[in-house]
Amino acid sequence: MLRVDVLTLFPEFIEQCSATGVVGRARERGLLSLHCWNPRDYSQGNYRRVDERPFGGGPGMVMLIEPLRACLAAVREAAEPAPVIYLSPQGERLTQRIVRELAQAPRLILLCGRYEGIDERLIATQVDREISIGDYVLSGGELAAAVVIDAVGRLQDGALHHADSAIQDSFEDGLLDCPHYTRPEVDGEDAVPEVLLSGDHRAIARWRRQQSLGRTWLRRPDLLARASLSDADRALLADFQRQWLGRHRIAGK
Ligand code: ADE
């Protein structure tokens, strides 16, 4: 059971992103609870300001300390202590390893920025961890928060139909996933790889492992370099490489 609190100027967006599919079902089953908080409800004055122009000039607006601090205080008080995670392009890059770690916490507090960002003093005093979902800039942290909620939500016990499907995911062992096929057995010229129809479970597992290794070699050599491979893996990969190079007589690989 994981409780996620999200501070956002767009609570409906977070709600909608997390209403359907695996994460929606996890919420219905009580495996994940989601609570949105709007800093605008904690702002002062008639205008309910949440942002101001940056000191030193420049484009865009910066989110004010005060509404965020008041909102965070209310969030903290609502349940047990939890890390405050600020979604921003300046954070450490989200990986499946970090997702696994976050998924084990009883509670997470996600802070979404808008505009050019948040006053640095709020980040320095209130934020425990800054996370980026990739090297590109979004117009706010909401999409990134929705990504985190999805990735941690599906790892809650009972969220997936098969407990194994999370273990078999891409990245769980540092490799990309193998290809998947379903009916029909033949689609035009394209037949499903024969081994998958053989009923030989060891041969199927071997083929899948080889495809994972081969795809990671082709598409993400950076991951392959960091993966710990057994002797059997190395043999499977060498075999894949021989076959692939036989089919694609091109330089570079
Ligand atoms: N907010 C804006 N861009 C972001 C990114 N790449 N990751 C996380 N939060 C963000």
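Residues numbered from 1 in each chain as written. Predicted model: local features only at pLDDT ≥ 70, side-chain atom pairs only at ≥ 80, totals over all residues. Heavy atoms only, no water.

*Asks:* Looking at this structure, I do not really get unusual backbone geometry. What am I missing?
*Replies:* The amide bond that connects R183 to the next residue, P184, takes the cis arrangement and shows omega of 0 degrees. As for its position among the elements, P184 is in the loop between helix 7 (163-167) and strand 9 (186-187). Residue Y115 is not a glycine yet carries a positive backbone phi of 60 degrees. Take Y115: it is sitting in the loop between strand 6 (107-112) and strand 7 (117-118). Using a relative accessible area of 37% as the deciding quantity, one classes Y115 as partly exposed. (Helix = DSSP H or I, 4+ residues; strand = E, 2+ residues; numbered from the N terminus. Buried < 20%, exposed > 50% of the residue type's maximum accessible area, 1.4 Å probe, protein only.)

*Asks:* Would you take a moment to explain the domain arrangement of the chain for this structure?
*Replies:* Often, the extent of an interface is quoted as the loss of accessible area upon association of its parts. Domain boundaries assigned for the chain yield domain 1 (2-153) and domain 2 (168-252). Using only C-alpha atoms to locate each centre, domain 1 and domain 2 end up separated by 38 Å. (Domains from an automatic or database assignment.)

*Asks:* Just to check I follow, could you spell out the packing of helix 4 (residues 96-103) against helix 6 (residues 142-153) for this structure?
*Replies:* Relative placement of two packed helices is described by the angle separating their axes and the distance separating the axes. Packing of helix 4 against helix 6 brings their axes to within 9 Å, and their N-to-C directions diverge by 70 degrees. With respect to helix 6, the element helix 4 is oriented roughly perpendicular. Seen from helix 4, the contacting residues are V99, L102 and A103; seen from helix 6, they are V148, A151 and V152. (Axes fitted to C-alpha atoms, helices over the stretch in contact; angles between N-to-C directions. Parallel < 35°, antiparallel > 145°, perpendicular 65-115°, else oblique. Contact = heavy atoms within 4.5 Å.)

*Asks:* How do you make sense of the side chain of R3 when you look at a structure like this?
*Replies:* Residue placement: R3 occurs in strand 1 (residues 2-7). For R3, the side chain forms a polar contact with the side chain of D5, separated by 2.9 Å. With residues up to four places along the chain from it excluded, the contact list for R3 reads S33, H35, W37, A78, A79, P106, R107 and L108. (Polar contact = N/O pair within 3.5 Å; in protein donor to acceptor, adjacent residues only side chain to side chain.)

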